[in-house]
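# Architecture at a glance
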Amino acid sequence: MASQEILRSAVPSYPGPLPKSRANHLYGDYFNNCNISYGLQFHAACAKHVEEMFHASRILILASATLARSTSALSDLQASLGTKVAGVKLGLRAHTYFSDTLAIAEECRVLGVDLIVTLGGGSLTDAAKMISLVLANDIHNADELLGSLLPIIRVGY
């Protein structure tokens, strides 16, 4: 019997009217689009959402080198996505270097990437968010990138 995907909200519903979204785009206005998916294997769920939610045709996979070497996760994902895979980057340095971000964003432009999928942990996800920011704001160098960011101060003990 085939598995069935179950989606549930990752956070409680927002009480009251939603704030005006700044993410008005092809897929509509989003405020909280964070869902948890279970019931399907990762590669099957990813392929389903690539097709049904994002309608993507040119995908860049950012993959953990360790997962790619020690599991079948990357090969399973590539098989599920088929010809939609435009490129794969294995392993990134921790802490999301601007130089890596800008280089991968340029590769996305050249390849015509319309979706980034991450397979792995925090640094890959951070990099994907930065690459999206760079692409969405047509940033091509570190000066433009630094000029587009709000200052962040982290206070910790």
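Before reading on, note that the structure itself is shown above.
Throughout what follows, the structure given in this document is the object of discussion. (Residues numbered from 1 in each chain as written. Predicted model: local features only at pLDDT ≥ 70, side-chain atom pairs only at ≥ 80, totals over all residues. Heavy atoms only, no water.)

### Focus on empty space enclosed by the protein
Where empty space is left can be seen by rolling a probe of water-molecule size over the atoms. Tallying each qualifying case throughout the model produces 1 cavity of 30 Å³ or more. Of the voids in this model, the largest cavity is the one considered here, and its volume is about 50 Å³. Taken together, Leu92, Arg93, Thr96, Tyr97, Asp100, Thr101, Ile104, Ser123, Ala127 and Ile131 form the lining of the largest cavity. Mapped by element, the contributors of at least two residues to the lining of the largest cavity are helix H4 (98-111) and helix H5 (122-136). (1 Å grid on protein atoms, 1.4 Å probe; cavity = no way out; pocket = protein on both sides within 12 Å on 5 of 7 lines; lining within 4 Å. Points joined across faces, edges and corners; volume = space filled by probe spheres on them. Helix = DSSP H or I, 4+ residues; strand = E, 2+ residues; numbered from the N terminus.)

### Details of the sheet that holds strand E3 (residues 59-63)
Pairing is parallel in the open sheet, where 3 strands are placed in the order E4-E3-E5. Taken across any chain shown, the strands that pair with only one partner, and hence form the sheet edges, are strand E4 (85-90) and strand E5 (115-119). Averaged over all neighbouring strand pairs, the angle between strand axes comes to 20°, with direction disregarded. Sheet topology note: the E3/E5 ladder contains 5 bridges and is parallel. Bridging across to E5, Ile59 finds its partner in Leu115. Contacting E3 and E5, helix H1 (residues 42-54) runs over the sheet at an angle of about 165° to E5. (Pairing = 2+ DSSP bridges. Axes fitted to C-alpha atoms, helices over the stretch in contact; angles between N-to-C directions. Contact = heavy atoms within 4.5 Å.)

No statement about biological role is implied by the geometric values presented.
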